[in-house]
Amino acid sequence: MDIPASQFLHTNQADEAYIRVGDKSRKLTFEERMQLMYDKGERSYEDTAVYGATIDDINMDAVAEYAKLVGYSRSPLEYLRENNGFVKTNKKGEEDVSVACILLFGKNPQNFFPRGRTRFIRYEGVDEKVGAEMNVIKDVIFEGTILNQVKKTIEFIETQVREHTFLGQHAQFVTKRDYPEFVIQEMTVNACCHRAYNIKGTEIQIKMFDDRLVFESPGKLPGQVKPNNIRHTHFSRNPKIAAFLKAYHYVKEFGEGFDRICREQEANGANVPSFRTDEFILKITVPKVTENVNVNVAKVNENGQKVNEKVNENDIKVTVKVNANRHGLIEKLIEKAISNHDKLTENRITIIELMIDNPYISVVELAKAVGISVNSIMRNIDYMRGKYLRRVGPDKGGFWEIIE
């Protein structure tokens, strides 16, 4: 008998489910059967009631913020009772609080999910060593709600990413990161969004080596998602958590994220992520961009067509020195502002840093990078023009110059 793969759990007349192991079939235990149903999406663990959890365990301010974000005008408690099954009345007349509700709005989700957290580990070298040879140089744990974990984890990983600068087109220095910003954000979000929260014995672990990032998340690839179709097949193990993160703009477009991760890696001359499952842990390895000797630099030929130029490794300058020069310049500008009783806000300093990194950056690109409107960018530029920066050349084709 041949049974094709599907999104449902198949059972026999005795309501027994089996799994094929080699040339034999093994009966699934109750726990294995439930896990398979969660993985296939036939049941959703995020809808399960959390034993012992009550309304008092919910941070209503967080609920109110989210309700406002999605356009809900009534009270936070009414939102929980009326939407997504966050709070439901059971047969005994008691209110059950769901897993998703605790993970998204809980005052302390780790009271109920002690390992529902994210751990970042930085290793020295390319191997994971233990005992007397242990090579861990950073070990940081992020707790709280899923939104807090996502924010704090991304912010911290960004502090660990190195940049490499080389001379590109127009005699302009071009900066390449070890890992594209989008890749770090999307991989972190995926780990928190799609992990199997019913597996409570371990946390999400993000391991950084000298040549790669490894994201380890409890649970296998969900539903019909396989390594060979993941770029174009979408399935959410925790759809309510995914919708929540989308409202906060951490999930861009459903089903688009991993394909873009691969495109970002390929555009930077790096290999796409690889997958493997060890027992119940999904491990995704993201190769470091700058491990490649050659870097692709976009140029335009005399016919106006884009071509690729290979830059030799000897031309690549490690940004540690460049960053030191940049930081030194920023410090001088801040000292200048203080002596003139002037004020360089965080946004203005960020704008200057972006102009130092890319003198040809546009106002639209600045707005996107800083996270404020184009009009706000223009107001900040007008304030600093002549004192800290100047425009050299026309609006189109010119560049920014920092005034020391």
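Residues numbered from 1 in each chain as written. Predicted model: local features only at pLDDT ≥ 70, side-chain atom pairs only at ≥ 80, totals over all residues. Heavy atoms only, no water.

### Here we look at the overall build of the chain
Looking only at helices and strands, the chain has twelve helices and 17 strands in total. Counting all 404 residues of the chain, 41% fall into the buried class. A separation threshold of at least 6 residues defines the contact pool for the chain, and within that pool the share at least 24 residues apart is 57%. Carbon and sulfur atoms form 49% of the exposed surface of the chain, whose accessible area is close to 22,600 Å². (Helix = DSSP H or I, 4+ residues; strand = E, 2+ residues; numbered from the N terminus. Buried < 20%, exposed > 50% of the residue type's maximum accessible area, 1.4 Å probe, protein only. Contact = heavy atoms within 4.5 Å. Areas by Shrake-Rupley, 256 points an atom, 1.4 Å probe, with all protein chains shown as cover.)

### Some words on the nonpolar core
By size, the foremost hydrophobic cluster in this structure holds 62 residues, and its most contacted members are Leu80, Phe105, Ile146, Ile241 and Leu245. Residue contributions to this core peak at eight residues, all from helix H6 (residues 181-194). Ile330, Val363, Trp400 and Ile402 belong to the second-largest nonpolar core, a separate cluster that totals 21 residues. (Core = buried A, V, L, I, M, F, W, Y, C linked by side-chain atoms within 4.5 Å.)

### Re the packing of aromatic side chains
Throughout the structure, instances matching the rule amount to 14 aromatic pairs. With 5.1 Å between their ring centres and 75 degrees between their planes, tyrosine 72 and tyrosine 79 make a pair best called edge-to-face. Among the residues examined, tyrosine 79 registers a relative accessible area of 4% and is labelled buried. With a centroid separation of 5.8 Å and 50 degrees between ring planes, the pair formed by tyrosine 360 and phenylalanine 399 is classed as tilted. Note that tyrosine 360 is positioned in the loop between helix H10 (346-357) and helix H11 (363-370) and phenylalanine 399 in strand E17 (residues 399-402), a separation of 39 residues in sequence. With a relative accessible area of 33%, tyrosine 360 lands in the partly exposed category. Taking relative accessible area as the criterion, phenylalanine 399 reaches 28% and is therefore assigned partly exposed. Pairwise contacts between aromatic rings join Tyr66, Tyr72, Tyr79, Phe86, Phe105, Phe244 and Tyr248 into one cluster. Positioned above the aromatic ring of phenylalanine 182 is the side chain of arginine 260, whose terminal nitrogen or guanidinium carbon lies 3.8 Å from the ring centre. Over the aromatic face of tyrosine 383 sits the side chain of arginine 348, whose NZ or CZ is 3.9 Å from the ring centroid. (Phe/Tyr/Trp six-rings, centres within 6.5 Å; stacked < 30°, edge-to-face > 60°. Lys NZ or Arg CZ within 6 Å of the ring centre and 35° of its normal.)

### Observations concerning the confidence of the model for the chain
Looking at the chain, the pLDDT average stands at 80 and 74% of residues meet or exceed 70. For the stretch residues 291-324, pLDDT sits under 50, and the model shows 60 contacts to residues farther than four places along the chain or on other chains. (pLDDT = per-residue confidence, 0-100.)

### What about the sheet that holds strand E10 (residues 212-218)?
Strand order across the open sheet formed by six strands is E6-E5-E9-E10-E12-E11, with mixed pairing between neighbours. Pairing within the sheet leaves two strands with one partner each, and these edge strands are strand E6 (136-142) and strand E11 (274-278). The mean angle between the axes of side-by-side strands here comes to 15 degrees, regardless of whether they run parallel or antiparallel. Each of strand E5 (118-123), strand E9 (204-208), E10 and strand E12 (281-287) touches H6; the most contacted strand, E10, lies at about 15 degrees to it. (Pairing = 2+ DSSP bridges. Axes fitted to C-alpha atoms, helices over the stretch in contact; angles between N-to-C directions.)

### Focus: the side chain of lysine 283
With respect to the element layout, lysine 283 can be found in strand E12. Assessed through its relative accessible area of 16%, lysine 283 is described here as buried. Side chain to side chain, lysine 283 and aspartate 278 meet in a polar contact 2.9 Å long. (Polar contact = N/O pair within 3.5 Å; in protein donor to acceptor, adjacent residues only side chain to side chain.)

### What about the side chain of arginine 117?
Looking at the element boundaries, arginine 117 is found in the loop between helix H4 (99-105) and E5. Polar side-chain contacts of arginine 117 include one of 2.8 Å to the side chain of glutamate 203. In this structure, arginine 117 is in contact with Gln110, Ile141, Phe142, Glu143, Gln149, Arg195, Glu203 and Ile204, ignoring residues within four places of it in sequence.

### Let's talk about H10
With twelve residues, H10 extends 17 Å from end C-alpha to end C-alpha; this agrees with the ideal 16 Å at 1.5 Å per step. Every buried residue of H10 is listed here: Arg348, Ile349, Ile351, Ile352 and Met355. For H10, the angular spread of the buried residues around the axis is 160 degrees, confining them to a single face. (Expected span 1.5 Å × (residues − 1). Arc of directions from axis to C-beta.)

### Points about the pattern of salt bridges
The final tally for this structure, using the stated rule, is 22 salt bridges. When the shortest N-O distance is used, the salt bridge between aspartate 47 and lysine 240 registers 3.0 Å. In this pair, aspartate 47 sits in the loop between helix H1 (30-40) and helix H2 (60-69) while lysine 240 sits in helix H7 (residues 239-247), placing the two residues 193 residues apart along the sequence. Between aspartate 259 and arginine 263 there is a salt bridge; the shortest N-O distance is 3.1 Å. Of this pair, aspartate 259 and arginine 263 both sit in helix H8 (residues 257-267), four residues apart, roughly one helical turn. Judged by relative accessible area, which is 14%, aspartate 259 ranks as buried. With a relative accessible area of 40%, arginine 263 lands in the partly exposed category. (Salt bridge = Lys/Arg side-chain N within 4 Å of Asp/Glu carboxyl O.)

### Considerations on H7
When H7 is considered as a whole, its buried residues turn out to be Lys240, Ile241, Ala242, Phe244 and Leu245. In the segment just after H7, histidine 249 is the residue with positive phi, at about 65 degrees.

### Points about the pairing of E9
For a regular strand, side-chain orientation follows a simple rule: the groups alternate between the two sheet faces. Judged by how many residues are buried, E9 sits mostly within the fold: five of five residues are covered. Burial along E9 is two-sided: Ile204, Ile206 and Met208 facing one way and Gln205 and Lys207 facing the other are all buried. Relative to E9, E5 runs parallel, the two being bridged by five bridges. Opposite arginine 119, over in E9, you have glutamine 205 as the bridge partner. Pairing between E9 and E10: four bridges, direction antiparallel. Residue pairing across strands places methionine 208 opposite leucine 213, the latter belonging to E10. Hairpin connection between E9 and E10: a loop of three residues separates the two successive antiparallel strands.

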